[in-house]
Amino acid sequence: MMLTRRELLKLGLSAAATVPLGRLLIPDRVLAHGDHGGGSGGSSPPTTPFAVPLPIPPVLVPSSTDATTDYYQITMRPAQMQIIPGLWTTIWGYNGLYPGPTIVARSGRRVVIRQTNNLPEPSSVHLHGGHTPPDSDGHPTATIAPGAYRDYIYPNNQIAAPLWYHEHADGRTPQNVYKGLAGFYILTDDFEAGLNLPSGAYDVGLAIQDKQFNADGSLFYPEITGDVLKNGFLGDKLLVNAAIQPFFKVANRKYCFRLLNGSNARDYELALSSGAVFKQIGTDGGLRPAPITRSTIPIAPGERIDVVIDFKPFPVGTKIVLKNNKGSGDTADVMRFDVDRTESDTSSLPATLRPLPSLPAATKTRDIELDFDRGLDLWVLNGKPFDPARIDAFPKLGSTELWRFKNRSRMMHPLHLHDVQFQVVARDGGLLPGDVGWKDTVPVESWDSVSVKVQFLDFTGTYVYHCHILEHEDHAMMGQFQVVP
Ligand code: C2O
Ligand code: CU
Ligand code: CU
């Protein structure tokens, strides 16, 4: 990996040219963020920022419905699309779409999705953030063979939340999420609907990912060894809903944006140009107690952050860039909002949103150390690589536990638990604004430790927990817990 002049300046070093990273003595901490990834040497064909419109993934229509359930059918298959204008890219998509079609579900109403696998490899589909029975959770070993199908049952007994579904097959997750297997699953409920937040065309999912392309437009993805395994793979282009640095024409009114970091390994610090600000209204698992104004928002792989942006103060013609403070060059600008019309706005942004209940006292504390094992050449949890035959924790159904993630490495790791939404209760470095609310993925900074309180409700059975840097998750920073009666 080479450092550019700008990156060296950020490190407080000066150099006229680039310097191989290995020769520099850089404190561990410096590499905790942003441009930490495994490079490839090559680079994508040139592209022009803000030249293509933001794609809005279609909302999938149920194939049938009854009194309790909406039934959907999805076929996973390869498809071709133009991501770089004039060049064709083969993607793998749900219904051949990247991002996949959006599922809009209602709290308390069941969804059943029949997933048919027309890919050349086994696949497992996981509903990230879903409180889901274990046999529908998309366990890495519960794969659908090519040509076969599986019905995933989602009871949706949880509050409104920005969930997403993605590939989770053991040994193929980083490669196949990267190829396009990810989509939004927006869970709504009456409480949220009663708040009159911006909705419909003013409620927009933004799936942020990074990729690298070969000269012919095909996706570049390296072998997961060496620096790629250590740092995760970082692309040199930023995409939102599969478009490279798109623009989005907005009216001068409030919008709700559901930010999703669907990247394999890149973490962002989002900011807006032109003095615009975010009003954060939600976290991974639903609405916050109240909106909070933020000028910058860090977001790690797997995390979701719901924000309202009010374009009212900006005259028609204003162009507001969604920026990535951790990027440089093509990774510094994510997309652009172009205020192109005036419209009246009957939506609201209430001063209070959804109360955050306090969880019962924890009856058990578990420590989970995050580290790299140099002997195994793998990322490990408590010294052990993922083994589907091993279960690390047996929480009791209904009990509340404190899980303490202790990062013993030079990188940030976003830790994710399946099945549950938890609350972040302590962080050595002090709680962050983004910690307040229901979370299922929490960034644990280098040498920090983070405690989350989690209650195991409704379902017994086996689930995974893992780092959401996908190259780490699959090599082999994942464990299992089994909820027992
Ligand atoms: Cu989004 Cu097990 O992951
Ligand atoms: Cu998940
Ligand atoms: Cu990690």
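Residues numbered from 1 in each chain as written. Chains lettered and ligands numbered in written order. Predicted model: local features only at pLDDT ≥ 70, side-chain atom pairs only at ≥ 80, totals over all residues. Heavy atoms only, no water.

For the rest of this paragraph, the subject is the overall build of the chain. Looking only at helices and strands, one finds five helices and 33 strands in the chain. What you see for the chain is a C-alpha radius of gyration of 21 Å, in line with the 23 Å of a compact globule of 485 residues. When the backbone C-alpha atoms are referred to their principal axes, the chain occupies close to 65 × 60 × 50 Å. Burial analysis of the chain (485 residues in total) assigns 58% to the buried set. As displayed, the chain has an accessible area near 17900 Å², and 55% of this comes from carbon and sulfur atoms. Measuring between centres, the 45 positive side-chain charges of the chain sit 4 Å from its 50 negative side-chain charges. (Helix = DSSP H or I, 4+ residues; strand = E, 2+ residues; numbered from the N terminus. Rg over C-alpha atoms; globule rule 2.2 N^0.38 Å. Buried < 20%, exposed > 50% of the residue type's maximum accessible area, 1.4 Å probe, protein only. Areas by Shrake-Rupley, 256 points an atom, 1.4 Å probe, with all protein chains shown as cover. Lys, Arg positive; Asp, Glu negative; His and termini not counted. Charge placed at Lys NZ, Arg CZ, Asp CG, Glu CD.)

Looking now at empty space enclosed by the protein. Evaluation of the coordinates by the stated rule reveals one cavity of 30 Å³ or more. For the largest cavity, the calculated volume is near 40 Å³. Lining the largest cavity we find Tyr98, Pro99, Ala182, Gly183, Phe184, Ala207, Gln209 and Leu260. The set of elements that each furnish at least two residues to the lining of the largest cavity consists of β11 (182–188) and β12 (203–213). Element by element, the count of residues in the lining of the largest cavity is highest for β11, at three residues. Here the residues of the lining of the largest cavity are counted per class, giving six nonpolar, two polar and no charged. (1 Å grid on protein atoms, 1.4 Å probe; cavity = no way out; pocket = protein on both sides within 12 Å on 5 of 7 lines; lining within 4 Å. Points joined across faces, edges and corners; volume = space filled by probe spheres on them. Nonpolar A, V, L, I, M, F, W, Y, C, P; charged D, E, K, R; others polar.)

Right, let's talk about the coordination of the copper ion (ligand 3) for a bit. Within the protein, the atoms that donate to the copper ion (ligand 3) are His413 (ND1), Cys467 (SG) and His472 (ND1), at distances of 2.0 to 2.2 Å. Expressed as a motif, the donor residue spacing for the copper ion (ligand 3) is H-x53-C-x4-H. Linking histidine 413 in strand β28 (residues 413–417) with histidine 472 in helix α5 (residues 470–473), this pair joins segments that are 59 residues apart in sequence. In terms of burial, histidine 413 and histidine 472 fall into one category: buried. (Donors = N, O, S within 2.8 Å, 3.2 Å for Na, K, Ca; no water.)

To continue, consider the sheet that holds strand β23 (residues 319–324). Sheet strands pair via backbone hydrogen bonds, and the direction of the pair is either parallel or antiparallel. If you walk across this open sheet you meet the five strands as β16-β24-β23-β18-β21, and the pairing is mixed. For this open sheet the edge positions go to β16 (247–251) and β21 (296–299), each flanked by a neighbour on one side alone. Averaged over all adjacent pairs, the angle separating strand axes in this sheet is 25°, with direction ignored. One ladder, built from five bridges, connects β23 with strand β24 (residues 333–341); its direction is antiparallel. Bridge pairing in β24 links lysine 319 to aspartate 338. (Pairing = 2+ DSSP bridges. Axes fitted to C-alpha atoms, helices over the stretch in contact; angles between N-to-C directions.)

Looking at the chain, pLDDT values average 93 and 92% of them are 70 or higher. Residue range residues 1–37 is modelled with pLDDT below 50. Its contacts to residues more than four positions away, or to other chains, number 63 contacts. (pLDDT = per-residue confidence, 0-100. Contact = heavy atoms within 4.5 Å.)

What follows deals with the packing of aromatic side chains. In this description, an aromatic ring pair is defined by two values, namely the gap between the centres and the angle between the planes. Within this structure, the stated rule accounts for 22 aromatic pairs. With 5.3 Å between their ring centres and 70° between their planes, tyrosine 202 and tyrosine 255 make a pair best called edge-to-face. Of this pair, tyrosine 202 sits in the loop between α3 (190–193) and β12 while tyrosine 255 sits in strand β17 (residues 254–261), and the two are 53 residues apart along the sequence. Both residues of the pair, tyrosine 202 and tyrosine 255, count as buried. Each residue in the set Tyr202, Phe248, Tyr255, Phe257, Phe311 and Phe337 is aromatic and connected to the rest through ring pairs, giving one cluster. The cationic tip of lysine 179 hangs over the ring face of tryptophan 92; the distance from NZ or CZ to the ring centre is 3.8 Å. Directly above the aromatic system of tyrosine 178 lies the positively charged group of lysine 211, at a separation of 4.4 Å from the ring centroid. (Phe/Tyr/Trp six-rings, centres within 6.5 Å; stacked < 30°, edge-to-face > 60°. Lys NZ or Arg CZ within 6 Å of the ring centre and 35° of its normal.)

Before going further, it helps to spend a moment on the coordination of the copper ion (ligand 2). Looking at the copper ion (ligand 2), the protein donor atoms are His126 (NE2) and His416 (NE2), and they sit 1.8 to 1.9 Å from it. Here histidine 416 lies in strand β28 and histidine 126 lies in strand β8 (residues 125–128), a separation of 290 residues in the sequence. Of the two residues, histidine 126 and histidine 416, both sit in the buried class.

The next point concerns the pairing of strand β22 (residues 304–310). Extensive coverage of β22 is indicated by the burial of six of its seven residues. Note that β17 and β22 share seven bridges and pair antiparallel. Bridging across to β22, cysteine 256 finds its partner in valine 308. As paired elements, strand β19 (residues 278–283) and β22 share three bridges and run antiparallel to each other.

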